[in-house]
Amino acid sequence: HIQALTAGVSRRAVLQRGLVPVRLSDFADAPDPDGGLLAYREISGALGTTSWYLRLLRDEGAVATRLAYLLGTSRYVARLLQRTPEALQLLADDDELRPRDPAEVLAAMRESAARQGEDASAVAVVRGVRRQELLRTAFADLLGMLDVTQTCAAISATVAATLDSALQVALRSVCAERGLATLGIGFAVIAMGRLGGEEAGYGSDADVLFVYEGFDGEAETDADADGHADADAGHARLAQEVAERLRALLAAPTSSDPPMVVDADLRPEGRNGPLVRSLASYRQYYERWSEPWEAQALLRARFVAGDPELGRRFTELIDPIRYPPAGLNPAALVEIRRIKGRVDSERLPRGADPNTHTKLGRGGLADIEWTVQLLQLQHAGALPQLRTTGTLQALHAAAAAELITTEQEHTLETAWRSATALRNAVRLVRDKPEDQLPHQGAALVGVGRAAGYPPGFDPGQVLDDYRRAARRARAVVEQVFYGVSPA
């Protein structure tokens, strides 16, 4: 790699001969020196003839040092930078590394897409803006400029803007195919899961529900006990086409950006239910057949794209379900605890360490989030301050209402922040969505550095700190979620 960078008499080779010796020292201090050097060679090959690139590295020492650290720490950043090397210029200005206003990102995506004639081209530029924003967030995250909640909020805003912009392309495409000036229905995308809570990580899917309603005043209702909306087949077909087009456009394989999976499995009846439902169909389903776990899932539902009025009406529809006025009845409490017990015993992957699995392990994200959500189901009907989609916001509200102690609040928040930060760090380092912390080696060192530990730290400290936080959180979960009295 060194020879490829420095061989020859070109101006590029001459400049690299001055740059590489200094950079080698930076790479040597990184968790993955060889991977960083390889990525540097590939980016230099892509940008070597670009006038600003070597000048930036030569004249801005901080940029070169930052680049070496980022490439030697994060495979995720290295891969995205190879696809968008011009994003390197962000490293020259701290202000450019701060998350952009979500409205600004959305406007940039929509304007870029509107200039494209083909659907695939329009979504490609949207995904290009998404790639740039994910890099901006990853840069700032790895350089210690964002805390974990700011990181998750920035990723969530980028995903929401991507969904909204791609939806506009899908609507335009379906109208063009059918020869319509307008679609004639309202269509909204409701965020669920971590996206709904504005807690999306680098590896999170976009969990959503799709809802539609006709503009002609005709009521769409369930026509059978299975809850399948069919009173207005034309509207249903249009909505189905839009949802399928949106998912297909974002899932189209490319070599230049990470996949964007739009997951609708949290819809009524799951994968066996219709992909899209009318507002009336949702109402009828939730009134007749809603299960406790569905009310729990709706705690994170929020409108993110499409018709805002329809999104508002959907939110009004589900509020009495997710915030039951009378709280949680004993049968529902037993059912939620039973389901959580099955999650604990069946969902943890074979061979995973329950002490260091950040999602499903003891004291991990699932434990903490189910506990907070149980408090919401029990008390949000009477306490409006608990009506939030964010885990930490709900946790703080529960403590303020004295549903839990200040010590319990601090314990759960500390564990949630630790698990979320380390989960993001694993994705940054390995470029794979994994929930299990590595137990040793360069991967653990990389995860620790990506999570904010200083150079030269003891890698075992990462595991010790996480296990301690998770163990304390599990004790609180036993008390609050399962109702076990402390010993």
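As shown above, the structure is provided for reference.
## A short note on the overall build of the protein chain
Then comes step 1: Scanning the protein chain from terminus to terminus reveals 21 helices and five strands.
Then comes step 2: On the principal axes, the C-alpha backbone points of the protein chain span a range of 75 × 70 × 35 Å.
Then comes step 3: In the protein chain, which comprises 487 residues, the share counted as buried stands at 53%.
Then comes step 4: Look at the contacts in the protein chain between residues 6 or more apart in sequence, and 72% of them connect residues 24 or more apart.
Then comes step 5: Entry remark: accessible area of the protein chain is about 20800 Å², with carbon and sulfur atoms responsible for 49%.
Then comes step 6: For the protein chain, the centre of its 55 positive side-chain charges and the centre of its 65 negative side-chain charges are spaced 5 Å apart.

## A closer look at the packing of helix α16 (residues 330-347) against helix α17 (residues 365-379)
Then comes step 1: Between α16 and α17, the shortest axis-to-axis distance is 12 Å and the interhelical angle comes to 175°. Relative to α17, α16 is oriented roughly antiparallel. Residues Leu-333, Ile-336, Ile-339, Lys-340, Val-343 and Asp-344 of α16 form the contact with α17, whose own contacting residues are Ala-366, Asp-367, Trp-370, Leu-374, Leu-377 and Gln-378.
Then comes step 2: Classifying every residue of the contact of α16 with α17 gives eight nonpolar, one polar and three charged.

## Comments concerning the pattern of salt bridges
Then comes step 1: Applying the stated criterion to the full structure yields 34 salt bridges.
Then comes step 2: Of the charged contacts, one joins Arg-417 and Asp-147 as a salt bridge, the two residues approaching to 4.0 Å between their closest N and O atoms. Placement of the pair is Arg-417 in helix α19 (residues 406-430) and Asp-147 in the loop between α9 (119-142) and α10 (148-178), with a sequence separation of 270 residues.
Then comes step 3: According to the relative accessible area criterion, Asp-147 is partly exposed, its value standing at 32%.

## What to know about helix α18 (residues 391-400)
Then comes step 1: Of all 10 residues that make up α18, seven are buried, and the element is covered over most of its length.
Then comes step 2: Every buried residue belonging to α18 is among Thr-391, Leu-392, Ala-394, Leu-395, Ala-397, Ala-398 and Ala-399, and all of these are buried.
Then comes step 3: Glu-402 sits one or two residues past α18 and shows a positive phi near 65°.

## Section: the nonpolar core
Then comes step 1: One finds Tyr-40, Leu-81, Leu-163, Phe-187 and Phe-210 to be the most contacted residues of the largest nonpolar core, which totals 154 residues.
Then comes step 2: Counting residues per element, this core draws most heavily on α10, at 13 residues.
Then comes step 3: When neighbours within four sequence positions are excluded, Leu-81 is seen to be in contact with Ile-43, Leu-67, Leu-71, Ala-87, Leu-88, Leu-135 and Phe-139.

## Things to note about the side chain of Thr-420
Then comes step 1: Topologically, Thr-420 is positioned in helix α19.
Then comes step 2: Using a relative accessible area of 3% as the deciding quantity, one classes Thr-420 as buried.
Then comes step 3: Ignoring anything within four residues of it in the chain, the contact list for Thr-420 reads Val-148, Cys-152, Arg-194 and Leu-365.

## Regarding the packing of α17 against α19
Then comes step 1: At a closest axis distance of 9 Å, the pairing of α17 and α19 adopts a crossing angle of 135°. As far as their axial angle goes, α19 and α17 are oblique. For the element pair α17 and α19, the recorded crossing hand is left-handed. Of the residues in α19, those in contact with Leu-365, Ile-368, Glu-369 and Thr-371 of α17 are Leu-412, Ala-415, Trp-416, Ala-419, Thr-420 and Arg-423.
Then comes step 2: Each residue belonging to the contact of α17 with α19 can be placed in one class, and the counts come to six nonpolar, two polar and two charged.

## Quick look at the side chain of Glu-133
Then comes step 1: Mapped onto the elements of the fold, Glu-133 is located in helix α9.
Then comes step 2: Residue classification places Glu-133 among the buried residues on the basis of a relative accessible area of 3%.
Then comes step 3: Ignoring anything within four residues of it in the chain, the contact list for Glu-133 reads Arg-100, Val-105 and Thr-158.

## Focus: the environment of Ile-155
Then comes step 1: For Ile-155, the position within the fold is in helix α10.
Then comes step 2: The class for Ile-155 is buried, based on a relative accessible area of 2%.
Then comes step 3: A sequence separation of 232 residues divides Ile-155 from Arg-387, and the C-alpha atoms of the two residues are 22 Å apart.
Then comes step 4: Among residues more than four places away in sequence, those in contact with Ile-155 are Leu-134, Thr-137, Ala-200, Gly-201 and Tyr-202.

Cut-off values and rules
- Residues numbered from 1 in each chain as written.
- Predicted model: local features only at pLDDT ≥ 70, side-chain atom pairs only at ≥ 80, totals over all residues.
- Heavy atoms only, no water.
- Helix = DSSP H or I, 4+ residues; strand = E, 2+ residues; numbered from the N terminus.
- Buried < 20%, exposed > 50% of the residue type's maximum accessible area, 1.4 Å probe, protein only.
- Contact = heavy atoms within 4.5 Å.
- Areas by Shrake-Rupley, 256 points an atom, 1.4 Å probe, with all protein chains shown as cover.
- Lys, Arg positive; Asp, Glu negative; His and termini not counted.
- Charge placed at Lys NZ, Arg CZ, Asp CG, Glu CD.
- Axes fitted to C-alpha atoms, helices over the stretch in contact; angles between N-to-C directions.
- Parallel < 35°, antiparallel > 145°, perpendicular 65-115°, else oblique.
- Nonpolar A, V, L, I, M, F, W, Y, C, P; charged D, E, K, R; others polar.
- Salt bridge = Lys/Arg side-chain N within 4 Å of Asp/Glu carboxyl O.
- Core = buried A, V, L, I, M, F, W, Y, C linked by side-chain atoms within 4.5 Å.
- Left-handed = near helix turned anticlockwise from the far one by under 90°.

These results come straight from atomic positions and should not be treated as a statement about function.
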